[in-house]
Amino acid sequence: MFLATFRVAVRALRRNPLRTLLTMLGIIIGVGAVIAMVSIGNGAKAQVEAQIATLGQNVLLVLSGNVTRGGFGMGFGSAGTLTKEDYEALRREIPGIAGVSPEVRGVAQIAAGNQNINTQVLGVGTDYIAIRAWPLASGVNFTEQDIRSANKVALIGKTTAQTLFGDADPVGQIIRIKSAPFTVIGALSSKGMSMMGSDQDDVVLVPYTSAMRRLTGATTFRSLTVQAASAAVVPEVQNQIIDLLRLRHRIQPGRDDDFLVRSQQEITDMATSTSRTMRQLLAAVAGISLLVGGIGVMNIMLVSVTERTREIGVRMAVGARGRDIMLQFLTEAITLSLTGGVIGVLLGVYTPDVLNAFSETTTWPALTSPDSIVLAFGVSAAVGILFGLYPAWKASQLDPIEALRYE
Amino acid sequence: MLIPESDMQTVVKLENFVKTYRTGEVEVHAVRGVTLSIAPGEFVAIMGASGSGKSTLMNTLGCLDRPTSGRYLLDGIDVSELNRDELAEIRNQKIGFVFQGFNLLARTSAIENVELPLLYNRPPVRTREQRERALQALEMVGLADRAHHQPSQLSGGQQQRVAIARALVNRPTLLLADEPTGNLDSVTSVEIMGIFQELNKRGMTVVMVTHEPDIARYCRRTLVMRDGHVISDQPVTDQLDAAVQLELLKQEHRAINLS
C-alpha cells in the first residue's frame, strides 16, 4: 500500500519535471545552506580553537592600560603602563609563574642582500618562544646576556625567512632592521595563521631591550605574556598579578585597573562565543531559506491538488477514503522535500570544497558533522509534512461529486 | 455498523428518497420522493432531461451522496446513515462506476488504471493478486493485449472498456454508468452496450443514465424522470441485441463505402 502510494507520488512528480525541480530548489538551497554553514562554522571553530592552543599552555596575557583620548578608549595596550620593573617584579615575586616575557611591537623595514620588506618586529624576552610553544627549526634562542646588553640578534619567522633568503638556511645571516645590522641566530618553526587571519610566521623576534633601544624607542611594554606553572594555579596567578600590579601602580581601592589580565580560557570563551553568535546567525538565515522553500512546496502542492481534482474525484469514487487521499499528497510533498534534502546535503557537503577550489586567498576549513546531515534530513522531512499537510488536508476534504464534475 | 437487512431480494431499495440542496437562501428540490426497487440481474436505463434529478439519483445510488430524507438500502445495507469513510468502503466493495468522460488517469497504463480500486481494498490486496485481477478484468472487456498502453494510445471505445474493466475489478454488486456512450460514435456506442448486455447476461445488475432513447433500448427496464419524480417505469418490450445491431451497422457502413 505504501509502496503504491510512493509510486503514485513519484509518477505525479515526474509528470512535470521542471516544476518539480524548481520547487525542490528552495529546499535544496535551504538544506545546502544549513549544511554548508554548519560545516564552515564547525571548521572555523576548530581552527580558532587550534589557534588559541598555539598561544601556549596555561597562558595569561597582561595588557597595559587604556588611554582615553577625547572620551574614546583607545584599547588596552595603548598606554604604556607596564614597565621593566613590573616585569621583573612579576618574575621575582609570584611563585606560580613558570615563565614571563614582555612584548614590544613595531613594524620596521628589513633588508637582507637585495631584498627589502616591511614586517613586524617583536621585542620579547628569553621565555617567549617557550611560553608560545614555538620551537626553533634551527639555531639558538637569545640568552639573558643578549637581553642585558641589548645585542643585535634576531630569531626569524618562517615566512620572513622564506621571503628574504628563499630556501637557504637563514641562521648566521645578517639582516638590517631600520638599517641596524642584526645577526640571525635562530629560525622559528611554522606557527600558521593567527585568530585574526594574519600570518604569525611573518615576524622577526629580537630581545626586547634591543627593540626598545634601537627600534621603537618605547620605554614601556605593550603587554606581558605569562605562563602559569599548571592549569590549576592559573586563577591564583591571575589574582596575584592583579594584586601586585595594583600595588606597584598605587591604585587606590575602588579605582579601575590601568591594565588588564586575560587568561587563555577567557580568550577561548570570547572567540567561541563570537563564532557561536555567527553560527546562530547563519543558522537563522538557512532556516529562513528553508521556510521559503517550504512555502514553495505548499504552493506547488496546492496547484497540484487543484489540477488533479478530477483524479481525486475518481479515486474517491472507486473507494479512496479522505485519509488515503491525504496520505497520497503528503507522501508526494515529503518525497519532494526529501529528494530536495538529499540533493541539498550533497550540495552542502561539497560547497566548501568548491569554494576552496576557486578562492586562492581564503580557505574555508569545513567540518561536516553527521548530526548536521541528520538534522537537515529531519528538517526537510518536517518541512514536507508541515507544508504538505494543508494541501493534502484540502484534497482529502473534496466532495467526490464536485471533484468529478471539475473541469 | 453494516447490518444486512432481512430483505435480500433487491440490490437497490429506495424508500421515499428526497434530496434537497441549499445554495444560499434558495432550496433546490432535486429529487422529491422516489421509491424504487431494483432486483439482482436487472438492466435499467434512467432517462430524463437535464435538471430532472437523474444525476442526483445516480449519485445517491453510487453512494457518493446521502439522501436528505428517506432510506436507501444497497444490497441490504442501510446507506443513509453511513459516514464518509464507510461510504468510501461501500463504493469500493459494492459499486462499479463508468463515466461519460472515461476518467482514466493520464500517463498511467491501462492495467494500472484497472488496479486503482484494488489499492483501496481493506484488507489490502497483494501486488501480484492486483495484477492478476486487473488482467482478468481487462480480458472480460477484450483488452488484455493493451494492458500496458496508456490512455492517450487508446481509442475512445477502448478507453471506455478500460474504465468498465476498472469498474468490474472489485466484483461489484451494482454497475453504474453515467452516459457511458455520450462521448462515443454510434458503432462504438453499440459495442459498449454489447459489453453491458454481456455482463448483464452473466448476472451483473446494471443501472445507466442516458438521454438517448436508442441506447435505452439495449436495456431491459426504463425509468423516466421529470422534476424530481419518476414519471414512468416500464420494461423495454422491443429490446435490441447489440451483437445483431453491430452486424447491421457494419453492413450499412460497407454499403456506404461501396457506393
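Residues numbered from 1 in each chain as written. Chains lettered and ligands numbered in written order. Predicted model: local features only at pLDDT ≥ 70, side-chain atom pairs only at ≥ 80, totals over all residues.

When the parts of a complex come together, some accessible area is lost, and that lost area is often taken as the interface size. In this complex, chain B contributes 18 residues to the contact, which on the side of chain A involves 17 residues. Elements that contribute at least two residues to the side of chain B that touches chain A include exactly helix H2 (84–94) and helix H3 (110–119) of chain B. With six residues, the top contributor of residues to the side of chain B that touches chain A is H2(B). Here the side of chain B that touches chain A is built from residues that sort into nine nonpolar, three polar and six charged. (Contact = placed C-beta atoms within 7 Å. Helix = DSSP H or I, 4+ residues; strand = E, 2+ residues; numbered from the N terminus. Nonpolar A, V, L, I, M, F, W, Y, C, P; charged D, E, K, R; others polar.)

This part is about the sheet that holds strand S1 (residues 12–23) of chain B. Residues and elements named next belong to chain B. Judged by pairing direction, the sheet is antiparallel, and its four strands sit side by side in the order S2-S1-S4-S5 without closing on themselves. In this open sheet, the two strands that pair with only one neighbour each are strand S2 (26–38) and strand S5 (77–78). Taken together, the five bridges between S1 and strand S4 (residues 69–74) define a ladder with antiparallel strand orientation. Among the inter-strand pairings, valine 12 is bridged to a residue of S4, identified as leucine 74. (Pairing = 2+ DSSP bridges.)

Turning our eyes to something else, we now look at the sheet that holds strand S9 (residues 221–226) of chain B. Residue and element names in this part refer to chain B. The strand order S6-S7-S8-S3-S9-S10 describes an open sheet built from six strands, whose pairing is mixed. Here the strands that pair on one side only, and so sit at the sheet edges, are strand S6 (95–98) and strand S10 (229–235). When strand polarity is set aside, the average angle formed by the axes of neighbouring strands in this sheet is 20°. Two strands pair when backbone bridges link them, and strand S7 (residues 174–178) and strand S8 (residues 205–209) are joined in this way by five bridges, in the parallel orientation. Paired with leucine 174 across the strands is threonine 205, a residue of S8. Against the sheet, helix H5 (residues 156–168) engages S6 and S7, with an angle of about 170° to S6. (Axes fitted to C-alpha atoms, helices over the stretch in contact; angles between N-to-C directions.)

When the terminal C-alpha atoms of helix H8 (residues 234–248) of chain A are compared, their 21 Å separation across 15 residues agrees well with the 21 Å that a helix rising 1.5 Å per residue should span. Here the buried face of H8(A) lies against strand S1 (59–64), helix H3 (84–93), strand S4 (97–112), strand S11 (223–228) and strand S12 (259–263) of chain A. (Expected span 1.5 Å × (residues − 1).)

Time to look at the pairing of strand S3 (residues 43–48) of chain B. Residue and element names in this part refer to chain B. Most of S3 is tucked away, with six of its six residues classed as buried. The alternating pattern of S3 places Phe43, Ala45 and Met47 and Val44, Ile46 and Gly48 on opposite faces, both of which are buried. One ladder, built from four bridges, connects S3 with S8; its direction is parallel. When the bridges of S8 are listed, valine 44 appears paired with valine 207. Here five bridges tie S3 to S9, and the two strands are oriented parallel to one another. Bridge pairing in S9 places methionine 47 opposite valine 224. (Buried ≥ 20, exposed ≤ 12 C-beta atoms within 10 Å, placed from the backbone.)

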